[in-house]
Amino acid sequence: AQSVTQPDARVTVSEGASLQLRCKYSSSGTPYLFWYVQYPRQGLQLLLKYYSGDPVVQGVNGFEAEFSKSNSSFHLRKASVHWSDSAVYFCVLSHLNQGGSAKLIFGEGTKLTVSS
Amino acid sequence: NAGVIQTPRHKVTGKGQEATLWCEPISGHSAVFWYRQTIVQGLEFLTYFRNQAPIDDSGMPKERFSAQMPNQSHSTLKIQSTQPQDSAVYLCASSLRGNTGQLYFGEGSKLTVL
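Residues numbered from 1 in each chain as written. Chains lettered and ligands numbered in written order. Predicted model: local features only at pLDDT ≥ 70, side-chain atom pairs only at ≥ 80, totals over all residues. Heavy atoms only, no water.

Caption draft 1: Here's a closer look at the overall build of chain B. Along its length, chain B carries zero helices and eleven strands. Shown N-terminal to C-terminal, the secondary structure of chain B runs as helices and strands in the order β-β-β-β-β-β-β-β-β-β-β. Taken along its principal axes, the extent of the C-alpha atoms in chain B is 35 × 25 × 25 Å. A fraction of 54% describes how many contacts in chain B between residues 6 or more apart in sequence connect residues 24 or more apart. Accessible surface, chain B: about 5600 Å² in total, of which carbon and sulfur atoms supply 48%. (Helix = DSSP H or I, 4+ residues; strand = E, 2+ residues; numbered from the N terminus. Contact = heavy atoms within 4.5 Å. Areas by Shrake-Rupley, 256 points an atom, 1.4 Å probe, with all protein chains shown as cover.)

Caption draft 2: How the structure looks around the interface of chain B and chain A. Across the contact, 20 residues belong to chain B and 18 residues belong to chain A. Our count for the contact surface shared by chain B and chain A stands at zero salt bridges. Linking chain B with chain A are four residue pairs in polar contact (both at pLDDT 80 or more), by the criterion used here. Of all the elements, strand S5 (residues 42–50) of chain B adds the most residues to the side of chain B that touches chain A, at four residues. (Salt bridge = Lys/Arg side-chain N within 4 Å of Asp/Glu carboxyl O. Polar contact = N/O pair within 3.5 Å; in protein donor to acceptor, adjacent residues only side chain to side chain.)

Caption draft 3: Region of interest: the pairing of strand S8 (residues 64–68) of chain A. All names here are of chain A. Pairing of strand S7 (residues 56–58) with S8, which is carried by three bridges, proceeds in the antiparallel orientation. Bridging across to S8, Val-57 finds its partner in Ala-65. For S8 and strand S9 (residues 73–78), the ladder comprises five bridges, and the chain directions are antiparallel. Counterpart to Ala-65 in the pairing with S9 is Leu-76. The loop that links S8 with its antiparallel partner S9 comprises four residues; one of these, Ser-72, has a positive phi angle of about 50 degrees. (Pairing = 2+ DSSP bridges.)

Caption draft 4: Local environment of the nonpolar core. Residues and elements named next belong to chain A. Counting 28 residues, the largest nonpolar core has Leu-19, Trp-35, Leu-47, Leu-48, Phe-74, Leu-76 and Tyr-89 as the members making the most contacts within it. Sorting the residues of this core by element identifies strand S2 (10–14), strand S3 (19–21), strand S5 (32–38), strand S6 (44–50), S8, S9, strand S10 (87–94) and strand S12 (110–115) as the ones contributing at least two each. Counting residues per element, this core draws most heavily on S10, at four residues. (Core = buried A, V, L, I, M, F, W, Y, C linked by side-chain atoms within 4.5 Å. Buried < 20%, exposed > 50% of the residue type's maximum accessible area, 1.4 Å probe, protein only.)

Caption draft 5: Spatial organisation of the pattern of salt bridges. In the structure shown here, the tally under the stated rule is seven salt bridges over all chains. Residues Arg77(A) and Glu64(A) are paired through a salt bridge, measuring 2.7 Å at the closest nitrogen-oxygen approach. With a gap of 13 residues between them, Arg77(A) in strand S9 and Glu64(A) in strand S8 connect regions that are remote in the sequence. Between Arg64(B) and Asp86(B) there is a salt bridge, with its nearest N and O atoms 2.6 Å apart. Of this pair, Arg64(B) sits in the loop between strand S6 (53–56) and strand S7 (65–71) while Asp86(B) is found in the loop between strand S8 (74–79) and strand S9 (88–95), placing the two residues 22 residues apart along the sequence. The partly exposed category is assigned to Arg64(B), whose relative accessible area is 26%. Overall, the relative accessible area of 2% leaves Asp86(B) in the buried class. A single network of salt bridges, built from pairs that share partners, joins Glu64(A), Glu66(A) and Arg77(A).

Written out as structure tokens, the structure is:
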């Protein structure tokens, strides 16, 4: 069975501090992993994606994520957060073309609050 | 280029009534996805079209829910005999090819069933 778990429902960090949002996945095939962000009153937006290769992938706005097959994890990081990073972050799993469907499986989401 | 457009943004129906939600994908995108978002269940996949053909409807409730894509410029999600548990934000997304994982989401249609 495919699943994604984000163990932290809410995270609060101070502006300028570093950030790590955790994500664990379960997959029977080759996982394709993503982080999406949902800002208040806006649609979901793709932050970054991992298909294969270098386990550290860069995304928009200074975000990066590291894939670990041994730990079944895909944690999101940012060196210094800004108040505008406050949003809900979703870790997402897909098997894309395997089996014909490209549906995305979303984690529960982590609500990030950046305090000043 | 306009993003994914969903209408209506808000819809209130009475129990037992029908609700139809519309989605206009980004021009040139060949794949359209429907998701449902609730506080309790989070984001749930409903269905997926590619080049207007239904590819995967494994997330659609077997009764009362149907989705169509009659042309490349719009898709509809219809819920018959709505129930309070259908209350949710219904999200439509489109993708250039459907197999990249890069989806562009609309702002959603919030359905409230009284």
